[in-house]
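Coordinate analysis (summary)
Here are the chains, one letter per residue:
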Amino acid sequence: MEVSSFLKQIKFVVFYIIVLVLYVAQDSIQAYSIPSDACPNIVTKADWGGRNATGSTPLKVPVQYVVVHHTAMSRCFTPKACEAQVRVIQDFHQINRTWWDIGYNFLVGEDGRGYEGRGWKTIGAHARGFNSMSIGISIMGDFRKILPQKKALDVVRTIIQCAVETGIVMRNYTLVGHRQTNVPGYTECPGDTLLCEYITWPHWEPFQKSGTFKYPNECTSNKIEENAAKQLSTAPPIQNGSILTTSSPPIQYGSILTTSNKIEENHAKQLSTAPPIQNGSILTLITAALWFLFQ
């Protein structure tokens, strides 16, 4: 009798440990299940002629942030030109700056393709203080005064969507521009005009490290509303809407709050349309644990 009671207690302990582990791991249980139907065709490093990294540190997923950049270098519009430009950027980062590899996790060209940098599994070198808790995506070109072509922006969206659906990025991720991850004035990246575009996207937050976020002059209220309306009408459907949590940076829209309702509508849309978390694999394991418990 005592042995039977002891075994039953052991079963209960094992069951609760399984439930606790699954609860903690639910956001990353499907991490690295690449490729996915949601994922774009990324041009691999081998295909664009890149060198191997001289070192790497694994990225612990899921991460909270998606940091968007521009390279502030040449734009490219054809596969041949974009492959050459990625090699130029790798030379700059690996040789001139003596980094282990190209700094970004992914790059995007105006040929409508994504390019592998450090990829999904490796910490990047693109936003000091945020590298270990983000993926960095950079559109090739200088976008302080102009926007990249829509097909490049669509690739950025698809990379983010893929990262969410495969467990690389949290469902309630935060989207920020590079300049927001350092003290004000440290960098112009991703460029004023491009940042004004990202401001209209779901999950973007006016977070600013060591200061208060300042909207670029290009982000007039009319422009923000026009961009938001365009995004709502042309953006591909988001498969993993995300709910803002108390861990997200506080929303401080300031003077733009009263004239840029589209930004708030984007966030409201996320709250209202987020699908339930699909935990089929978790439920299966819990069922197995229950079966074990009552045998």
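Refer to the structure presented above.
Computed from a predicted structure; not experimentally measured.

Considering the overall build of the chain
- Check the secondary structure of the chain and you find eight helices and six strands.
- Of the regular secondary structure in the chain, the N- to C-terminal order runs α-β-α-β-α-β-β-β-α-β-α-α-α-α.
- Residues counted as buried form 46% of the 295 residues belonging to the chain.
- When the accessible surface of the chain is totalled, it reaches about 14800 Å², and 58% of it is carbon and sulfur.

Notes on helix α3 (residues 79-96)
- The terminal C-alpha atoms of α3, which comprises 18 residues, lie 25 Å apart, in line with the 26 Å expected from a rise of 1.5 Å per residue.
- Those residues of α3 not exposed but buried are Cys82, Glu83, Gln85, Val86, Ile89, Gln90, His93 and Gln94. Taken down its axis, α3 places every buried residue within 160° of arc, on the same side. Looking at α3, the residues exposed on the side facing more than 90 degrees away from the buried face are Lys80, Ile95 and Asn96.
- Residues of α3 that are buried in the fold lie against α2 (45-48), β3 (106-108) and β4 (114-116).
- Immediately beyond the C-terminal end of α3, within one or two residues, lies Thr98, with a positive phi of roughly 60°.

Brief notes about the sheet that holds β4
- The strand order β1-β4-β3-β5-β2-β6 describes an open sheet built from six strands, whose pairing is mixed. This sheet does not close on itself; its edge strands, each paired only once, are β1 (42-43) and β6 (169-177).
- Examined bridge by bridge, β3 and strand β5 (residues 134-139) share three bridges and lie parallel to one another. Directly across from Phe106, in β5, lies its bridge partner Ile137.

Topic: the side chain of His70
- For His70, the position within the fold is in strand β2 (residues 63-70).
- Looking at His70, its side chain comes within polar contact range of the main-chain nitrogen of Phe143, at 2.9 Å.
- Polar contacts involving the side chain of His70 include one to the main-chain carbonyl oxygen of Pro190, which spans 3.4 Å.
- Not counting chain neighbours up to four residues away, the residues in contact with His70 comprise Tyr104, Ser138, Ile139, Gly141, Asp142, Phe143, Arg144, Cys189, Pro190, Gly191 and Leu194.

Comments concerning the environment of Gln161
- Residue position: Gln161 is located in helix α4 (residues 150-165).
- It is 9.5 Å that separates the C-alpha atoms of Gln161 and Pro40, two residues lying 121 residues apart in sequence.

Focus on the pairing of β6
- Within β6, eight of the nine residues are buried, which leaves it mostly tucked inside the rest of the structure.
- The pairing of β2 with β6 spans five bridges and is parallel. Paired with Val63 across the two strands is Val169, which belongs to β6.

Topic: the state of the cysteines
- Per the counting criterion, the structure on display carries three disulfides.
- At a sulfur-sulfur separation of 1.9 Å, the disulfide partner of Cys39 is Cys162. Of note, the bridge from Cys39 to Cys162 carries an S-S torsion of about 75° and is right-handed in sense. Here Cys162 lies in helix α4 and Cys39 lies in the loop between α1 (2-25) and β1, a separation of 123 residues in the sequence.
- A sulfur-sulfur distance of 1.9 Å marks the disulfide that ties Cys196 to Cys219. Because the sign of the S-S torsion sets the handedness, a value of about -110° for the bond joining Cys196 and Cys219 places this disulfide among the left-handed ones. Of the two residues, Cys196 is situated in helix α5 (residues 192-198) and Cys219 in the loop between α5 and α6 (221-234); the sequence distance between them amounts to 23 residues. Taken individually, Cys196 and Cys219 each receive the classification buried, so the pair is uniform in this respect.
- Regarding the disulfides, the chain carries the connectivity 1-4, 2-3, 5-6 under sequence-order numbering of its bonded cysteines.

About the thresholds
Residues numbered from 1 in each chain as written. Predicted model: local features only at pLDDT ≥ 70, side-chain atom pairs only at ≥ 80, totals over all residues. Heavy atoms only, no water. Helix = DSSP H or I, 4+ residues; strand = E, 2+ residues; numbered from the N terminus. Buried < 20%, exposed > 50% of the residue type's maximum accessible area, 1.4 Å probe, protein only. Areas by Shrake-Rupley, 256 points an atom, 1.4 Å probe, with all protein chains shown as cover. Expected span 1.5 Å × (residues − 1). Arc of directions from axis to C-beta. Contact = heavy atoms within 4.5 Å. Pairing = 2+ DSSP bridges. Polar contact = N/O pair within 3.5 Å; in protein donor to acceptor, adjacent residues only side chain to side chain. Disulfide = S-S within 2.5 Å.

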